[in-house]
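Results of the structural survey
The primary structure of each chain is shown beneath.
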Amino acid sequence: MSSVLSTIEQVPLARRETVSTLASWGVDQETAFTASLIVTELVTNVAEHAASESPTATVMLAADARWLTVAVHDTHPRLPRALATSHDDGGRGLRMVMLLTEEAGGQHTVEPTTSGGKHIVVHLPRPSRA
């Protein structure tokens, strides 16, 4: 778990730390790449839409033999919504996260927290080792 400032300048740091951590855990490159894109989008969303009430974002990673879990937490109370169509305004980042997750065969949730913020949690399947 690591916290980053809710600024656009911190997005590359969050991505690099994700890549480094997942490499040290032996996560396959394709899953690690997808996870790093998801972290990039979610931290960018915090910086662009929630920084006024959430000066930091927390990135959490967890893995077991079957699943990689990526979660980003912020303290802004508004829950994001993904755009319904490609022509809607806003919601593109979350839509990209949803599409990446679905393409990988995973699942995602947007969960309010008891403290008034939110978690966006993504579970990505890990390929079985032959």
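This text follows the structure it describes.
Here's a quick rundown of the structure.

**Topic: the overall build of the protein**
- Per the secondary structure count, the protein includes three helices and five strands.
- Along the protein, helices (α) and strands (β) appear in the sequence β-α-α-β-β-α-β-β when read from the amino end.
- Judged by the C-alpha coordinates and their principal axes, the protein covers about 45 × 30 × 30 Å.
- As presented, the protein carries roughly 7300 Å² of accessible surface, and 55% of it is formed by carbon and sulfur atoms.
- In the protein, 10 side chains carry a positive charge and 14 a negative one; their mean positions are 2 Å apart.

**Focus: the side chain of histidine 76**
- Among the structural elements, histidine 76 can be located in the loop between β3 (67–74) and α3 (92–103).
- Here histidine 76 falls in the buried class, since its relative accessible area comes to 10%.
- Not counting residues within four places of it along the chain, the set of residues in contact with histidine 76 comprises His49, Ala50, Ser52, Glu53, Ser54, Gly116, Gly117 and Lys118.

**Some points on the pairing of strand β4 (residues 107–112)**
- Here six bridges tie β4 to strand β5 (residues 118–125), and the two strands are oriented antiparallel to one another. Along β5, the bridge assignment pairs glutamate 111 with histidine 119.
- A loop of five residues connects β4 with β5, the two strands running antiparallel in sequence, and glycine 116 in this loop sits at a positive phi of about 100 degrees.

**Some words on the nonpolar core**
- Ranked by internal contacts, the top residues of the largest apolar core, which has 26 residues, are Leu22, Ile38, Val43, Leu68 and Val70.
- Ranked by residue count, the leading element in this core is helix α2 (residues 29–50), at eight residues.
- Excluding anything up to four places from it in sequence, isoleucine 38 contacts Val70, Val97, Leu100, Thr101, Val122 and Leu124.

**A short note on the pairing of strand β2 (residues 56–63)**
- With four bridges joining them, strand β1 (residues 2–5) and β2 adopt antiparallel strand pairing. Bridge pairing in β2 links serine 2 to valine 59.
- Between β2 and β3, which follow one another and run antiparallel, lie three residues.

**Regarding the sheet that holds β4**
- Spatially, β1-β2-β3-β5-β4 is the arrangement adopted by the five strands of the open sheet, whose pairing is antiparallel. Since the sheet does not close on itself, it has two edges, and those belong to β1 and β4, each with one partner. Here the strands of the sheet are splayed against their neighbours by 20 degrees on average, with no regard to which way each runs.
- α2 rests against β1, β2, β3 and β5 of the sheet, and its axis sits at about 10 degrees to β3.

**Digging into the environment of glutamate 111**
- The residue glutamate 111 is located in strand β4 in this model.
- On a C-alpha basis, the gap between glutamate 111 and leucine 61 in space is 16 Å, while along the polypeptide they are 50 residues apart.
- Sequence-distant contacts of glutamate 111, that is, excluding residues within four places in its chain, are made with Gly117, Lys118, His119 and Val121.
- Side chain to side chain, glutamate 111 and threonine 109 meet in a polar contact 2.9 Å long.

**Brief notes about the packing of helix α1 (residues 11–24) against α2**
- Contact pair α1 / α2: the axes reach a minimum separation of 9 Å and the direction vectors enclose 155 degrees. It follows from the interaxial angle that α1 and α2 lie roughly antiparallel. As α1 packs across α2, the resulting crossing turns out to be right-handed. Contacts between α1 and α2 pair Val11, Ala14, Arg15, Thr18, Val19 and Leu22 from the former with Ala32, Phe33, Ala35, Ser36, Leu37, Val39, Thr40, Val43 and Thr44 from the latter.
- Taken together, the residues of the contact of α1 with α2 sort by class into 10 nonpolar, four polar and one charged.

Basis of the calculations
- Residues numbered from 1 in each chain as written.
- Predicted model: local features only at pLDDT ≥ 70, side-chain atom pairs only at ≥ 80, totals over all residues.
- Heavy atoms only, no water.
- Helix = DSSP H or I, 4+ residues; strand = E, 2+ residues; numbered from the N terminus.
- Areas by Shrake-Rupley, 256 points an atom, 1.4 Å probe, with all protein chains shown as cover.
- Lys, Arg positive; Asp, Glu negative; His and termini not counted.
- Charge placed at Lys NZ, Arg CZ, Asp CG, Glu CD.
- Buried < 20%, exposed > 50% of the residue type's maximum accessible area, 1.4 Å probe, protein only.
- Contact = heavy atoms within 4.5 Å.
- Pairing = 2+ DSSP bridges.
- Core = buried A, V, L, I, M, F, W, Y, C linked by side-chain atoms within 4.5 Å.
- Axes fitted to C-alpha atoms, helices over the stretch in contact; angles between N-to-C directions.
- Polar contact = N/O pair within 3.5 Å; in protein donor to acceptor, adjacent residues only side chain to side chain.
- Parallel < 35°, antiparallel > 145°, perpendicular 65-115°, else oblique.
- Left-handed = near helix turned anticlockwise from the far one by under 90°.
- Nonpolar A, V, L, I, M, F, W, Y, C, P; charged D, E, K, R; others polar.

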